[in-house]
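# Per-entry structural report
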Amino acid sequence: MNTRNDLLLDKIELRTPLTSDGDALKGLLATTPVLDGNSVQCTLLQCGHFAKTSVAAFLHGRLVGFVSAYYPPNEPQTLFVWQVVVSQQLRDLGLGKKMLHWLVAQPACEQAVRLVTAIGIKNSVSWSMFDSFARDIGALPIKSFVTPLTPKDGYEQDEYLLRISPLPNRAEQSASDPLEDLKASGSHISAMRRWLD
């Protein structure tokens, strides 16, 4: 990263979102065709119900990045990252990764020992960002195919479920080993690369 990019990232303010950020989030998502657009109700959930486990990034008062995350009801030690969106003008600067680092360091995320997300197989931008994040924290990334609730004939799997664990600076680690959990599930792909399948 060059000095100019570092200086630009230093000007970005990160904070938990407010419900009043919903319209700006809807507008930001509309500029990112690779992501699904969200309804008004959905952005309200992201900016309200899940505010403490999400992050909004602002440059000169304008929303330029957003990470939506939450705790799945049956996994209180898992932070599930639903969406990462960055303004087109600021892509390739590392803002997405910067938001992830900020988020996992927040008090509301202290109970999370792992981060989980779903990524499309061909989404090279997301793979690069999460790979870089995992390297930064010295964590082990594990991927397995996302299986639909009702698979149909001819269905081609096109998304991975990615787990990054352990998250840094956690006082207690989970008793269960996410690698063993995934191996036992039988949903992994047998291969060994930078990503542990």
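Since the model is a prediction, treat every value here as computed from it, not as a measurement.

## A few points about the pairing of strand β4 (residues 78-86)
Within β4, 8 of the 9 residues are buried, which leaves the element mostly enclosed by the surrounding structure. With 6 bridges connecting them, strand β3 (residues 62-70) and β4 associate as antiparallel partners. Within β4, the residue paired with valine 67 across the bridge is valine 84. In this structure, β4 lies alongside strand β5 (residues 114-120), joined through 4 bridges in parallel fashion. If you follow threonine 78 over to β5, its bridge partner there is arginine 114. With helix α4 (residues 95-104) bridging β4 and the parallel β5, this β-α-β connection has right-handed handedness.

## Considering the nonpolar core
Judged by nonpolar contacts, the single largest core of 36 residues is most densely connected at Leu95, Met99, Leu115, Phe130 and Ile164. Listed by contribution, the elements that provide at least two residues to this core are β2 (55-59), β3, β4, α4, β5, α5 (124-137) and β7 (159-165). Per element, the largest residue contribution to this core is 6 residues, and it comes from α5. When near neighbours in sequence (up to four residues on either side) are disregarded, leucine 95 contacts Leu9, Ile12, Ala57, Val64, Gly65, Val86 and Leu90.

## Notes on the sheet that holds β4
By way of backbone hydrogen bonds, the strands of a sheet pair with one another, either parallel or antiparallel. Pairing within the open sheet is mixed, and its 7 strands lie in the order β1-β2-β3-β4-β5-β7-β6. Of all strands in the sheet, those with a lone pairing partner are β1 (13-15) and β6 (140-145), marking the two edges. Each neighbouring strand pair of the sheet contributes to a mean axis angle of 25°, computed without reference to strand direction. Pairing geometry for β6 and β7, over 6 bridges, is antiparallel. Bridging across to β7, lysine 143 finds its partner in leucine 162. With respect to the sheet, helix α2 (residues 22-30) is in contact with β3 and β4, its orientation differing from that of β3 by roughly 95°.

About the criteria used
Residues numbered from 1 in each chain as written. Predicted model: local features only at pLDDT ≥ 70, side-chain atom pairs only at ≥ 80, totals over all residues. Heavy atoms only, no water. Buried < 20%, exposed > 50% of the residue type's maximum accessible area, 1.4 Å probe, protein only. Helix = DSSP H or I, 4+ residues; strand = E, 2+ residues; numbered from the N terminus. Pairing = 2+ DSSP bridges. Right-handed = clockwise from strand over helix to strand, strands pointing away. Core = buried A, V, L, I, M, F, W, Y, C linked by side-chain atoms within 4.5 Å. Contact = heavy atoms within 4.5 Å. Axes fitted to C-alpha atoms, helices over the stretch in contact; angles between N-to-C directions.

In short, the description is geometric, and any link to function would need to be established separately.
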